[in-house]
Amino acid sequence: MSTLSQWQLRAAFAVRLSEMYGQEVPAYTTLVDVSREVNEDVLRARGTDATRLGSISRVTAERHGAIRVGTPRELGQVARIFGALGMHPVGFYDLREAAASAVPVVSTAFRPVDGEELARNPFRVFTSMLTPADPRFFDAELRSRLEAFLADRELFPPELLALADRATAERELPQEEAERFLHLAVRAFELSAEPVDKSWYETLERVSAVAADIGGVRSTHINHLTPRVLDIDELYRRMTDRGIEMIDTIQGPPAWEGPDVLLRQTSFRALAEPRAMRTPDGGVISGALRVRFGEVEARGIALTREGRALYDELLGHVDERMSRNPSASRSEIARAVWERHLPGSEQELAAKGLAYFTYHLHPDRPRDGTRPPANVGELLRQGWVRAEPIVYEDFLPRSAAGIFQSNLSGEGTRHSDQQGTAYDADRLSGAIGRDVLDPFALYARQQNDSLAHVARELGLTDTLS
């Protein structure tokens, strides 16, 4: 009997989810089509340089999704489903702190972590959990009502969870069970036709549109899907030319002449989708909710902790300059700040320890009898090794919050005089029932493994630094 391995399940799930979402949100299909056109044009113009951060087949197939759940129990069930696909929780993101408006969620991202698995299919799902215990958003009465509502619903059928556990344990599923698992998994994230309790939804919406999207309905759904593009600025122009309303900015680092780092994201605005609404008298009327959108991303090089600290510092410089001159172009200010403070080449990033790379012996260097240095920067400068950038596989809380905010119907309500409830990666790990992994540690391990291999090949006994 034929079987599907975890990566094959992951790839199939990503394709089917994309097909489903395209049927529900046709503008997403337009986004995918334009992304493909831009990628093909960039590949023709730049050749192999365009694929330095991933083959065109990987980039074309690449997606990340986003979902929202309400409770630790639901988050734990999500972890079981994605665990079946070889995806692990990586990173902790507190959007409550990153957002200026009311976004009462904390998040992690489920993704593959092994380099080979990422190369096969790097599907990721940014997963947010509501924080009803945070008094800045929910008073005691509303918290009690919300927690009772969430406790009474079932997002994922037992059959789906049982198949997920089997796939996790066996690292594969027989063809028939795989088909059933994929069917149930995709259906779990479809937009439900069940009428929405209008009064309850509006009660939560006054706090936050995100809270209403999570806790105002009896199901979950894919909130957005994201293709990857090689030139996000050109994508933005082409989508606008097609009459698709985009959010105001591209989130993340600016466009500049130096290396692409971290992550740039933008989206088309959330569309008003027809939904059945149940009124207090029990009747059902036709309404509309504006919560789902299509996002697109351009991925760059993963930064080290030092590089990330510099990135955050540069954001502070941009904010400061904008506060002094609110009418200025943020993108132009950011570009000037980047060009002044960020190294302008991959080799400089590597030599200064600001970004992650894998290192490989340079095959064309003449063997002249000299002893290789035990320093990465010197190995690069003298041509002993070449550095291949490690793709940033994760997310930026400020950018994620910016995307969320740009697609909200209102600012919501946030009582900043209240003390917020503490959440961190350890607390989220307890909720999920498995460790939330540190993305920096994952990148560092990949880089260090390559350095150890280089040291062995060069006969160096010292650790490369």
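What this report covers is the structure whose coordinates are included nearby. As the structure is a computational prediction, the values presented were derived from the model and not from experiment. (Residues numbered from 1 in each chain as written. Predicted model: local features only at pLDDT ≥ 70, side-chain atom pairs only at ≥ 80, totals over all residues. Heavy atoms only, no water.)

1. Side note on the sheet that holds strand β4 (residues 105–111)
Taken in spatial order, the seven strands line up as β3-β4-β5-β2-β8-β12-β9 in an open sheet, and their pairing is mixed. Pairing within the sheet leaves two strands with one partner each, and these edge strands are β3 (88–94) and β9 (263–268). Taken pair by pair, the neighbouring strands of this sheet meet at an average axis angle of 25°, ignoring direction. Bridging between strand β8 (residues 224–227) and strand β12 (residues 293–299) involves two bridges; their strand directions are parallel. Across the sheet, the residue bridging to L225 is G294, located in β12. Against the sheet, helix α1 (residues 6–24) makes contact with β2 (63–69), β8 and β12, and its axis sits at roughly 115° relative to β8, the strand it touches most. Lying on the sheet, helix α18 (residues 425–432) is in contact with β3, β4 and β5 (124–130); it crosses β4 at an angle near 65°. (Pairing = 2+ DSSP bridges. Helix = DSSP H or I, 4+ residues; strand = E, 2+ residues; numbered from the N terminus. Axes fitted to C-alpha atoms, helices over the stretch in contact; angles between N-to-C directions. Contact = heavy atoms within 4.5 Å.)

2. Remarks on the environment of Y93
Along the chain, Y93 falls in strand β3. Its relative accessible area of 5% is what places Y93 among the buried residues. For the pair Y93 and Y423, spaced 330 residues apart in sequence, the C-alpha to C-alpha distance is 9.7 Å. Within the structure, Y93 has its side chain in polar contact with the backbone nitrogen of F395 (distance 3.2 Å). (Buried < 20%, exposed > 50% of the residue type's maximum accessible area, 1.4 Å probe, protein only. Polar contact = N/O pair within 3.5 Å; in protein donor to acceptor, adjacent residues only side chain to side chain.)

3. Here we look at the nonpolar core
One finds L95, F126, F138, W338 and Y359 to be the most contacted residues of the largest nonpolar core, which totals 77 residues. In this view, Y359 contacts A350, V376, L380, V385, R386, A387, Q447, S450, L451 and V454; residues no more than four positions away in its chain are not counted. Ranked by size, the runner-up nonpolar core spans 71 residues in total, among them F156, A167, I222 and L428. (Core = buried A, V, L, I, M, F, W, Y, C linked by side-chain atoms within 4.5 Å.)

4. Brief notes about the packing of α1 against helix α9 (residues 175–188)
α9 packs onto α1 with a crossing angle of 40° between their chain directions and a minimal axis gap of 10 Å. Considering the angle they form, α1 stands oblique to α9. For the element pair α1 and α9, the recorded crossing hand is right-handed. Packed against α1, whose contacting residues are L9, A12, F13, R16, L17 and M20, the element α9 presents A178, E179, F181, L182, A185 and V186 at the interface. Residues that form the contact of α1 with α9 fall into these classes: ten nonpolar, no polar and two charged. (Parallel < 35°, antiparallel > 145°, perpendicular 65-115°, else oblique. Left-handed = near helix turned anticlockwise from the far one by under 90°. Nonpolar A, V, L, I, M, F, W, Y, C, P; charged D, E, K, R; others polar.)

5. Points about the pairing of β5
Of all seven residues in β5, seven are buried; the element is thus mostly enclosed. Neither face of β5 is exposed, since R124, F126, S128 and L130 on one face and V125, T127 and M129 on the opposite face are all buried. The pairing of β2 with β5 spans six bridges and is classified as parallel. Among the inter-strand pairings, V69 is bridged to a residue of β5, identified as M129. Across six bridges, β4 lies against β5 in antiparallel orientation. Looking across to β5, one finds that V105 is bridged to L130.

6. Section: the sheet that holds strand β11 (residues 284–289)
Strand pairing in a sheet relies on backbone hydrogen bonds. The paired strands run either parallel or antiparallel. Strand order in the open sheet formed by three strands is β7-β10-β11, with mixed pairing between adjacent strands. Each edge of the open sheet is held by one strand with a lone partner, namely β7 (196–197) and β11. As defined by bridge partners, strand β10 (residues 273–278) adjoins β11 across six bridges and the pair is classed as antiparallel. Note on β11: the bridge partner recorded for A276 is S286.

7. As for the pairing of β10
Side chains of β10 alternate between two faces, with E273, R275 and M277 buried and P274, A276 and R278 left unburied. Across two bridges, β7 lies against β10 in parallel orientation. Within the sheet, the bridge partner assigned to D197 lies in β10 and is R278. Joining the antiparallel neighbours β10 and β11 is a turn of five residues, in which G282 adopts a positive phi near 95°.

8. Details of the pattern of salt bridges
Under the counting rule described, the total for this entry stands at 46 salt bridges. Residues E116 and R120 are paired through a salt bridge, measuring 3.2 Å at the closest nitrogen-oxygen approach. Of this pair, E116 and R120 both sit in helix α6 (residues 115–120), four residues apart, which is roughly one turn of that helix. Of the charged contacts, one joins E177 and R166 as a salt bridge, the two residues approaching to 3.7 Å between their closest N and O atoms. In this pair, E177 is assigned in helix α9 and R166 in helix α8 (residues 158–170), connecting sequence segments eleven residues apart. Beyond isolated ion pairs, a larger network of salt bridges with shared partners links R58, E62, R124, R228, E297, R299 and E393. (Salt bridge = Lys/Arg side-chain N within 4 Å of Asp/Glu carboxyl O.)

So yeah, pure geometry; function would need other evidence.
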